[in-house]
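What the coordinates show
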Amino acid sequence: MTPKDIHNLSADEWDELNFPRPEGNDFDKVVERAISRRGFLGGVLAFGSGAAVMGAGMLKGSTAMAQPASRFPFTPIAAQTDGTIHVAEGYSWKTVVRWGDALFSDAEGAFDPANGVALEHADRVMGENTDGMELFNVDGREIFVVNSEYVNPKVNLPHTEDGMPKSLDDVRTLQSFQGVTVMELAQGDDGWNVVIDSPYNRRIHHNTPMTFSGPAAGHDLLKTEADPTGMESLGTFNNCGSGRTPWGTYLTCEENFNGYFGAVSEVSADSMVMDGFRRYGVSTKVDAGRYNYHGFDPRFDVATNPNEPHRAGYIVEIDPANPDSTPIKHTALGRFKHENAAYGIAADGRVVVYMGDDERGEFMYRWVSNDVYVPGEDTSTLLVDGTLSVAVFEDDMSGRWVPLTPGTTGMDQAMISIFTRMAASKVGATTMDRPEWIAVHPNASEAYCCLTNNSRRGVLNDDGTVRTNAGGDPMTVNAVNPRDTNRYGQIVRWRPEGGDHGSDGFAWDLYVMAGNPTVAEGAQAGSANINAGNLFNSPDGMVIDSTGLIWIQTDGNDSNEGDFAGMGNNQMLAGDPVTGRIERFLTGPNGCEVTGLCWSTDRRTMFIGIQHPGDNGGNWPDGEGSLPRSAVVAVTRDDGGLVG
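Helices and strands together make up the secondary structure of the chain, namely ten helices and 29 strands. When the 644 residues of the chain are sorted by exposure, 61% land in the buried category. Counting contacts in the chain only where the partners sit at least 6 residues apart, residues at least 24 apart contribute 66% of the total. Within the structure as shown, the chain displays about 21,600 Å² of accessible surface, and the carbon and sulfur contribution to it stands at 48%.

Another aspect to go through is the sheet that holds strand β20 (residues 447-451). Taken together, the nine strands give an open sheet; going across it, the order is β14-β15-β16-β17-β18-β22-β21-β20-β19, and neighbouring strands pair in antiparallel fashion. On the outer flanks of this sheet lie β14 (338-345) and β19 (435-440), each paired with one strand and no other. If you compare each strand with its neighbour and ignore which way they point, the axes differ by 30° on average. For strand β15 (residues 350-357) and strand β16 (residues 364-372), the ladder comprises six bridges, and the chain directions are antiparallel. Across the sheet, the residue bridging to Tyr354 is Arg366, located in β16.

This part takes up unusual backbone geometry. Here the bond from Trp620 into Pro621 is cis, since omega is 5°, no more than 30 degrees from zero. If you trace the backbone, Pro621 turns up in the loop between β28 (605-611) and β29 (631-637).

Bringing a negative patch on the surface into the picture now. Where like charges cluster on the molecular surface, the negative patch consists of Asp371, Glu377, Asp378 and Asp385. Looking at the secondary structure, you find Asp385 in the loop between β16 and β17 (386-393). A relative accessible area of 35% places Asp385 in the partly exposed class.

Among the seven residues that make up strand β21 (residues 490-496), seven are buried, leaving the element largely enclosed by the rest of the structure. Neither face of β21 is open: one carries Gln490, Val492, Trp494 and Pro496, the other Ile491, Arg493 and Arg495, and all of them are buried. As judged from the five bridges shared by β20 and β21, these two strands associate in the antiparallel manner. Note that in β21 the partner of Tyr448 across the bridge is Arg493. Sheet analysis places β21 next to strand β22 (residues 505-513), joined by seven bridges and oriented antiparallel. Along β22, the bridge assignment pairs Trp494 with Trp508.

Looking now at the packing of aromatic side chains. For any pair of aromatic rings, the description consists of the separation of the ring centres together with the inter-plane angle of the planes. Scanning the model with the defined rule gives 30 aromatic pairs in all. Arranged with centres 5.4 Å apart and planes meeting at 40°, the rings of Phe261 and Phe300 form a pair that is tilted. With Phe261 in the loop between β11 (250-254) and α7 (271-280) and Phe300 in the loop between α7 and β12 (315-318), this pair connects stretches of sequence that are 39 residues apart. Phe300 shares its class with Phe261; the two are buried. With a centroid separation of 5.9 Å and an interplanar angle of 80°, the aromatic rings of Phe393 and Trp508 are classed as edge-to-face. Taken together, the residues span a long stretch of sequence, with Phe393 in strand β17 and Trp508 in strand β22 at a distance of 115 residues. Its relative accessible area of 3% is what places Phe393 among the buried residues. Ring-pair connections join several aromatic residues into one group, and the members of that group are Phe237, Tyr260, Phe261, Tyr291, Tyr293 and Phe300. Sitting over the ring of Phe136, Arg244 keeps its end group 4.3 Å from the ring centre. Note that Arg335 overlies the ring of Tyr280, its terminal NZ or CZ placed 4.2 Å from the centroid.

What follows covers the sheet that holds strand β10 (residues 239-244). In space, the six strands of this open sheet follow the order β9-β8-β13-β12-β11-β10, with mixed pairing throughout. Single-partner strands in this sheet number two, and they are β9 (232-234) and β10. Averaged over all pairs of adjacent strands, the angle between strand axes in this sheet comes to 35°, irrespective of strand direction. Of the strand pairs in this sheet, β11 and β12 are connected by four bridges, and their pairing is antiparallel. In the sheet register, Tyr250 faces β12, and the bridge partner there is Ile318.

Moving on to the environment of Phe104. Of note, Phe104 is situated in the loop between β2 (91-98) and β3 (130-138). Linking Phe104 and Arg124, residues 20 residues apart in sequence, is a C-alpha distance of 6.3 Å. Look past the residues within four positions of Phe104 in its chain and what remains in contact with it is Arg124, Ile196, Asp197, Asn201 and Arg202.

Quick look at the environment of Thr485 now. Its place among the elements puts Thr485 in the loop between β20 and β21. Assessed through its relative accessible area of 29%, Thr485 is described here as partly exposed. In this structure, the C-alpha to C-alpha distance between Thr485 and Arg456, residues 29 residues apart in sequence, is 5.5 Å. If near-sequence neighbours (up to four positions away) are discounted, Thr485 is found in contact with Asn454, Ser455, Arg457 and Val459.

Turning our eyes to something else, we now look at the pairing of strand β6 (residues 191-194). Regular strands place side chains that alternate from one sheet face to the opposite one. As paired elements, strand β5 (residues 179-188) and β6 share four bridges and run antiparallel to each other. Looking at β6, one finds that Ala186 is bridged to Asn193. Between the antiparallel neighbours β5 and β6 lie two residues.

Following the sequence through the fold, Phe296 ends up in the loop between α7 and β12. When the C-alpha atoms of Phe296 and Pro165 are compared, they prove to be 8.6 Å apart, with 131 residues separating the residues in sequence. Once residues lying within four places of it in the same chain are set aside, the contact partners of Phe296 are Pro165, Lys166, Ser167, Leu168 and Val171.

For the rest of this paragraph, the subject is α7. The periodicity of an α-helix, 3.6 residues per turn, causes residues three or four places apart in sequence to face the same way. Turning to α7, its buried residues number three or more, namely Val273, Met274, Gly276, Phe277, Arg279 and Tyr280. In this structure, the buried residues of α7 make contact with α9 (413-418) and α10 (420-426). Among the residues of α7, the N-terminal cap falls to Asp270, whose side-chain oxygen and the backbone nitrogen of Met272 are separated by 3.2 Å. Gly281 sits one or two residues past α7 and shows a positive phi near 75°.

If you trace the backbone, Glu134 turns up in strand β3. Polar side-chain contacts of Glu134 include one of 3.3 Å to the side chain of Arg244. The contacts of Glu134, once residues within four sequence positions are left out, are Ile143, Phe144, Val145, Ser242, Gly243, Arg244, Tyr250 and Cys598.

Inspection of every chain in the model, using the stated rule, returns 34 salt bridges. Put simply, Asp101 and Arg98 hold a salt bridge, and the shortest N to O gap is 3.1 Å. Taking relative accessible area as the criterion, Asp101 reaches 15% and is therefore assigned buried. Where salt bridges share partners, they join Arg279, Lys337, Asp357, Glu359, Glu362, Arg421 and Asp473 into one cluster.

Reading the values: the criteria
Residues numbered from 1 in each chain as written. Predicted model: local features only at pLDDT ≥ 70, side-chain atom pairs only at ≥ 80, totals over all residues. Heavy atoms only, no water. Helix = DSSP H or I, 4+ residues; strand = E, 2+ residues; numbered from the N terminus. Buried < 20%, exposed > 50% of the residue type's maximum accessible area, 1.4 Å probe, protein only. Contact = heavy atoms within 4.5 Å. Areas by Shrake-Rupley, 256 points an atom, 1.4 Å probe, with all protein chains shown as cover. Pairing = 2+ DSSP bridges. Axes fitted to C-alpha atoms, helices over the stretch in contact; angles between N-to-C directions. Patch = residues over 30% accessible without salt bridge, like charges linked within 9 Å, V, L, I, M, F, W, Y side chains within 5 Å. Salt bridge = Lys/Arg side-chain N within 4 Å of Asp/Glu carboxyl O. Lys, Arg positive; Asp, Glu negative; His and termini not counted. Charge placed at Lys NZ, Arg CZ, Asp CG, Glu CD. Phe/Tyr/Trp six-rings, centres within 6.5 Å; stacked < 30°, edge-to-face > 60°. Lys NZ or Arg CZ within 6 Å of the ring centre and 35° of its normal. Polar contact = N/O pair within 3.5 Å; in protein donor to acceptor, adjacent residues only side chain to side chain.

Structure, rendered in structure tokens:
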């Protein structure tokens, strides 16, 4: 496969190429747990906040889905297929910051429309491929923090023929474009702009010093020749979704970290490490690394440094108010492909963090601190001491959080932190359709998770066995993941027992099943709140605003053909959790993903990320003659009113 082909693969496709998922258990042994889709679809599709409506039917044709007067503060827009952004009437958008824009005066003018940014300025400018973002008000200043998930090598290294690094300088350039950007924003007559040379501005990238906390800190599997203590790490990787803590810090989430590693020679490691490589998709094939880091930077060569991958895959805490602070990798929150981190507060004041592992057939997790959060008091233990659990969804629409402890898994706490996926498999966690962003409702005791898609759900191998995840857990159809070869995705909602996020039990339903009733019937048509006017697929990003509206962002098929006819470009919609109604607010340029969302302190500006806008050959936002550039845009109301 050529480098060009590798760059065009999704993370799932790249994993499948390097680690074809194992054949499952005997199909007859696992199929009994999956009841027929016809039997349970009517029960799991529900709407309305509040326990009274749990289980209300929402299949096509159901009279339960009456449409009351809209409480959306906009008129929905139609799907679009062009190369720019569209927003609802009465709203406007403006680009705030793009890949390559300077954070410091010594990097002003560093971006060249044809050649991008040179190495000397790569860590002095806005990073590439914006994703999760949060805004913090620090002493009256607006401090904006945004992830840069990954790179588009053919765009970011235009001097190379195939986009693959040809030198250590090329590798360092790509490493600097990724990670996290912290910057101060200020609003002037021309809208929001970066405050150049603000003391809060900084770039955190693949070579930024970090420290470990929690059970795995200092463990032998985290030690390397460069760090014999196992306590000091370099860099944060594939920073996807985000989160914030109630004490004012930023959580960045390491997702598809496995693709950065490769091997220049045959790998020799013990069976435990090799099993871990297989479960996490770390390739040991010679010269199979996705970005060719390993060819020039031995830190990413698993033949030389087999422990380095164990130092990635965590949630990293960053203090945006202290530019001199060292980011902390919290091993207690588990190691997997973290999508985002959504917090709640338990009834007794303990901190709860919900997390998804974004890979086909992987799991949903919850962290509950041992200590309570007291504003203004010490918070250093709240992401270090506590219990990590994994979700089990039952077909009767109940569920439970199963603790991952030495007693439940047979693994010590450090190994649970390093090999969290294996620990979750041991307790029978429910395989999910790629858990992406999770959102906790600010005004109700409920939370939501985007299950974006799963092309392997319910698929059989040639010998009749069912496809599995990387650990051999079968991906049979079940109530919470009710469609085989799930191409559209769904959003699951759960309500903890007693309204307490610290409870181990919960009830659940599906808020929506995306689909296409214009071309499909039955389950593929979607739930009753899907219609020709709000079609979408692959829900990904999700944030609930202060009024309770659910903002849903998509990263799916934007061909506008076949199964996806009428869906247009990736987009952002708003959903009402009470009525189930969903309406389209914004569409992005063709080829992009819409991801990342937060608000200014006064709630009059909505910041939104536009990622990889050049995937279909476009050159947004600068137009013809320029490389495409991921960017953050600001959406405001023309009348100056509140936005969400």
